[in-house]
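# Notes for the structure review
Okay, here's what each chain looks like letter by letter:
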Amino acid sequence: MSVLNFPNRIVLELTPICNLSCFMCPRHIIGKNPGYMKPDLWYKLIDEIACLPKDIKVLPFWRGESLLHKKFSDLTHYALNKGINLHISTNGHYVDGEKAELLSQFEFITFSIHTDEGFNKAVEFARKYKNDDNTIQISFVDAEKDQNHFMESVLNASDLMGFDAVRLYHEHSIDGKFGHGHVIENTERIFCPKLENTIVIAFDGTISRCNHIWNTEDYNINDTSIKEAWDSIVMNEIRTSYPDEQCGQCDQWAGRTSGHFWNKEWDKGTYQVKKIY
């Protein structure tokens, strides 16, 4: 175990609310009272991160569609103006106008495709906003067979329709439990790197050990700091007892266990699409 002094991946959930109801998504374990991160909490957390080295990645999403937050533009403006490296995943439905302009300034944008509208918005964004400073990925889930033709269209395009990469994920959960159904054979279990480098902060300030486990711990960051949460008894007990009942079933600790990945490389005056794994 080699835990960083401060996490270099910080998930800040703007909202667990989503406009879609994908059948494989374990949304039922969020609870009945979802909401939105308060701006004051966002500003406090961003200010703490901004005082640290610039290699920290902030992921303003988790269990919901972040662009539904009514203050999305204000909050992301604030972080970008502080020089924060932002990564985001979106279903694409609200990517237009000012929000599209803002997303073009993110370091990494991945479109998680579940609908025709999401796909069309993703393609439009990649064609219009791809630049040297961002990476744009499009992703699919193998359980959603009706979206496969979109993935094939992208892979068959010489330039991946403007995207840098394509990801096909295995279904992450079965009956709301992550990792179930995926057996990793002949692989010695290692300590999960997410417990060494990542902290997840829910919209209400509670924390989670990992973005793959959707429940939160009995710790709230509203009156403390990221550093205090990272060094807390709660997080240290999770690390010490790893793998406990929650982590034991997960298959995300081993690295590339989540499907397939393609990217494009410029070679001799043209793009070459290559399957990496």
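Residues numbered from 1 in each chain as written. Predicted model: local features only at pLDDT ≥ 70, side-chain atom pairs only at ≥ 80, totals over all residues. Heavy atoms only, no water.

Further remarks concern the environment of N8. One can find N8 in the segment before strand 1 (9–12). A residue is classified by how much of its surface remains accessible, and N8, at 25% relative accessible area, is partly exposed. With residues up to four places along the chain from it excluded, the contact list for N8 reads D55, I56, K57 and N197. (Helix = DSSP H or I, 4+ residues; strand = E, 2+ residues; numbered from the N terminus. Buried < 20%, exposed > 50% of the residue type's maximum accessible area, 1.4 Å probe, protein only. Contact = heavy atoms within 4.5 Å.)

Here T76 is to be found in helix 2 (residues 72–81). The exposure class of T76 is buried, given its relative accessible area of 0%. Of note is the side chain of T76, whose polar atom sits 2.8 Å from the backbone oxygen of F72. The contact partners of T76, leaving out residues within four places of it in the chain, are L86, L102 and F106. (Polar contact = N/O pair within 3.5 Å; in protein donor to acceptor, adjacent residues only side chain to side chain.)

Across all of its chains, the model carries two cavities of 30 Å³ or more by this definition. There is about 80 Å³ of room inside the largest cavity. What lines the largest cavity is simply R189, C192, K194, L195, R209, C210, I213, Y242, C247, C250, Q252 and W253. Partitioned by chemical class, the residues of the lining of the largest cavity number eight nonpolar, one polar and three charged. Volume-wise, the second largest cavity comes out at about 40 Å³. If you go around the second largest cavity, the residues you meet are I49, A50, P53, K54, I56, G83, I84 and N85. Here the lining of the second largest cavity is composed, by residue class, of five nonpolar, two polar and one charged. (1 Å grid on protein atoms, 1.4 Å probe; cavity = no way out; pocket = protein on both sides within 12 Å on 5 of 7 lines; lining within 4 Å. Points joined across faces, edges and corners; volume = space filled by probe spheres on them. Nonpolar A, V, L, I, M, F, W, Y, C, P; charged D, E, K, R; others polar.)

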